[in-house]
Every structure is written in C-alpha cells, then in structure tokens.
Amino acid sequence: MDKRLTPAAAGLLIIPPMLWAGNAVVGRMMAPLVSPMTLNLLRWTLAGLVLLPMAGGILRSGSPLWTQWRWFAWISLFSIGGYNALLYLALNTSTPINVTLVGASTPIWMLLIGRIFYATEITPRQLLGAALSMAGVALVLSRGEWDTLRSLRLVAGDIYILLASMAWAYYSWLIAHPPAATAPVRSHWAPFLLGQIAFGLVWSSAFSAAEWTWTPAHIDWSPAVCAALAFIALGPAVTAYATWGAGVARAGPAIAGFFINLTPLFTALLSSAFLGEAPHLYHGVAFVLIVAGIAFSSRR
C-alpha cells in the first residue's frame, strides 16, 4: 500500500513524541520511588481501567480478540510488555543523554526491519532523512557542543534502550501489516488498545513478579506517585498509543519512525521549562534538521 505523509497523519504523529518526552521526565523522577517493572504494570493497569467503559466489550467471550490471541500476545510483548519495561529500566541505570541518544536509533531499525522482513526498499531520500534527523537529535543532546558526544560511555541502560528501540520498530511494522482477521478489533482505537493491554498485562505481571522475586523491588506511595501514575496512564499510554497507531496506519512505519526523533527535542524543551532555562539557538537548528529529515523521508 502506498503510504504518504498527510497533514492529518503528521498531526497524529507529533502528539506521541510530546507525551513520550513527558513520560521520560516522569519516569526518571519515579526511578527512586517505584521499581521499573512495577511502574510499567501499574501504568497499564490504570490505562486498562480507563478504557474498560468504552471498549470492555472486546474482552467478552466470543470476541474476535480471542480468535487472534496469538497475534495480540505477540505485539503486546514488543510494546506494552517489552518496550515500556525496558524504557523504565534504562532510566534507572543510564544517564538521560545516553537513553535519548540510543533511543533515537529507532528510525534506523525501522528501515532495516522493513527491508529484512517485509522486503521494503530503502530509498536515498530515506537515508538522507535519517542522516538529517539523527544530526538534529545529536545537536540537541550535545547542547550544541559536539565534544560532548565523544565522551559518551555505554552502560547497561544503553543496551536496554537499544533493545527497546528494536522492539518498538518491530511492533510498528507488525501493526502496519496485521492479519485480515483482526480487522473487527482494529476498527476503533479503543478496543484495539485494550486488546493489547489485556495481553500486555500478562507479560507485565510476569516481569513484575520476577522483579519482586529476584530484586529489591519497592514502591513508595505518595500523592506525587499517584499523580505521576495518572499522567503516564492517561497521556503517554492511552493518548499516545491511540494517536501513534492511527498515524502509522496513515503514513507507514518507515515514515512514522522519523517522528520519534522529535522526542529528545521535546524532552529538552520540557527540561528547560522545569529548570527555568531559556531555549537556545541549537534547539531551533535541531528542530529544522529533524523536520527536514521527516520531509525528505516522506517524499517519493
């Protein structure tokens, strides 16, 4: 199917990076207060409860969800169960600059996975778009000083976010090429997301159980923790997943992948806002580079 970037698709794909930037900031703040696998489990439990009133019918006996349970279990492993858990785990063990930089490799993995598993062509424009977009990300992360990039050191958290990026890239291709029999579930974003959450909670529960069994897991309840859970459940979970799925369906995963590179830009802006720092010139330059990368990659 010929996928093109329309204004509607672009609008849908801009929302998730904004919310994911907030998720990274909140996730970092919650690191000392809630263990990562437990945080992921609580997040998606709340998101599932929010969706029950509008999409609970998809969980009833006889629903087409259960005839396609293998596919939903598979995609939920790479998204709700895997990607998010690895992200929170990375925020516990790596510096924010490393996590964001390694996570910016997602568009490259999307291109490679598309080529290997779906025989899609990687065009010169997509390669140029990838280079421009990655340059913009590097500019933000280095705060306009390229010497910063040369001093980076990879730690365990960088490996976690690299695996998370691969998982998210594969998930995006999976939802872009779904089995025809899943169409009744995919006809509306709410039951589609709730179906993923239902199976994702199985994975998340298993990972959380392992965390409490073999590590010093903990959760320090407070109003701030409750507020943080509400945000990551309603924003980065429900809203971001809904708009990302709709955007990928319109533009295709190869093009959509470049929008993920807006996340570190939004993260830098949020950090500036929280820290009281004014935006710098390199923020504007980076934004131009990232948008240019998206534009080049989306053209034929």
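Heads up: the structure comes first, above all this text.
To start, this report covers the structure provided alongside it. (Residues numbered from 1 in each chain as written. Predicted model: local features only at pLDDT ≥ 70, side-chain atom pairs only at ≥ 80, totals over all residues. Heavy atoms only, no water.)

### Topic: the overall build of the protein chain
Keep this limit in mind: To qualify as a helix, a DSSP run of H or I must reach at least 4 residues; to qualify as a strand, a run of E must reach at least 2; elements of each kind are numbered from the N terminus. The reference for a compact globule is 2.2 Å times residues^0.38; the radius of gyration itself is calculated from the C-alpha atoms. Partly exposed describes any residue whose relative accessible area lies between the buried limit of under 20% and the exposed limit of over 50%, with all areas from a 1.4 Å probe on protein chains only and scaled to the type maximum. Working rule for contacts: check all heavy atoms of both residues, and any pair within 4.5 Å makes them a contact. For every accessible area listed, the method is Shrake-Rupley and the probe measures 1.4 Å; residues are considered covered only by the protein chains on display. Neither His nor the chain ends is counted toward charge; the positive residues are Lys and Arg and the negative residues Asp and Glu. To locate a charge, take atom NZ for lysine, CZ for arginine, CG for aspartate or CD for glutamate.
Scanning the protein chain from terminus to terminus reveals 16 helices and zero strands. Here the C-alpha atoms of the protein chain give a radius of gyration of 19 Å, agreeing with the 19 Å that 2.2 N^0.38 yields for 300 residues. Put simply, the protein chain has 300 residues, and 51% of those count as buried. Across the protein chain, every contact between residues at least 6 apart in sequence was considered, and the portion connecting residues at least 24 apart equals 88%. Carbon and sulfur atoms make up 70% of the accessible area of the protein chain, which totals about 13500 Å². Here the protein chain contributes 15 positive and 8 negative side-chain charges, whose respective centroids are spaced 14 Å apart.

### Things to note about the packing of aromatic side chains
Worth spelling out the cut-off: When two rings of Phe, Tyr or Trp (its six-membered ring) have centres within 6.5 Å they constitute a pair, described as stacked for plane angles under 30 degrees, edge-to-face for angles over 60, and tilted for the intermediate range.
Using the criterion set out here, one finds 15 aromatic pairs in the structure. Between the aromatic rings of Trp 168 and Tyr 171, the centroid separation amounts to 5.0 Å while the plane-to-plane angle is 40°, which identifies the pairing as tilted. Placement of both Trp 168 and Tyr 171 in helix H10 (residues 156-176) is noted, with a separation of three residues, approximately one turn of the helix. Of the two residues, Trp 168 and Tyr 171, both sit in the buried class. Joined through ring pairs, the aromatic side chains of Trp 20, Tyr 83, Trp 168, Tyr 171 and Trp 244 make up one cluster.

### Topic: helix H12 (residues 189-214)
Here is the rule we go by: Residue count minus one, scaled by 1.5 Å, sets the expected span of a helix. Two axes are fitted around each residue, one to the seven residues ending there and one to the seven starting there, and the angle between them is reported as the bend at that residue.
Under the 1.5 Å per step criterion, the end-to-end length of H12 is 36 Å for 26 residues, consistent within 8% with the ideal 38 Å. Approximately 25° is the largest bend angle found in H12, and it occurs at Gly 200.

### Let's talk about the packing of H10 against helix H13 (residues 223-251)
Quick note on the threshold: Angles run from 0 to 180 degrees between N-to-C directions of axes, and those axes are lines fitted to C-alpha atoms, restricted for helices to the stretch in contact. An angle below 35 degrees is read as roughly parallel, one above 145 as roughly antiparallel, one from 65 to 115 as roughly perpendicular, and any other as oblique. Two helices that cross are described as forming a left-handed crossing if the nearer one is turned anticlockwise from the farther one by less than a right angle, and a right-handed crossing if clockwise. Each residue is assigned to one of three groups, with Ala, Val, Leu, Ile, Met, Phe, Trp, Tyr, Cys and Pro labelled nonpolar, Asp, Glu, Lys and Arg labelled charged, and all others, Gly among them, labelled polar.
Where H10 contacts H13, the axes come no closer than 9 Å and their chain directions differ by 60°. Classified by the interaxial angle, the pair formed by H10 and H13 is oblique. H10 and H13 meet at a crossing whose hand is right-handed. Taken together, the residues of H13 that come into contact with H10 (itself represented by Trp 168, Tyr 171, Ser 172, Ile 175 and Ala 176) are Tyr 241, Trp 244, Gly 245 and Val 248. Each residue belonging to the contact of H10 with H13 can be placed in one class, and the counts come to seven nonpolar, two polar and no charged.

### Comments concerning the nonpolar core
Basically, it comes down to this: The set of buried Ala, Val, Leu, Ile, Met, Phe, Trp, Tyr and Cys residues whose side-chain atoms join them within 4.5 Å is what this entry labels a nonpolar core.
With 80 residues, the main nonpolar core has Trp 44, Phe 72, Ile 75, Trp 168 and Trp 244 as its most contacted residues. By residue number, the principal contributor to this core is H13, which donates 11 residues. Here Trp 168 is in contact with Trp 20, Phe 78, Ser 79, Tyr 83, Thr 106, Met 110, Tyr 241, Trp 244 and Ile 260, once residues within four sequence places are set aside.

### Observations concerning the side chain of Gln 196
By the element assignment, Gln 196 lies in helix H12. A relative accessible area of 2% means that Gln 196 is categorised as buried. Ignoring any residue separated from it by four or fewer positions in sequence, one finds Gln 196 in contact with Phe 72, Ile 75, Ser 76, Ser 79, Ile 80 and Tyr 171.

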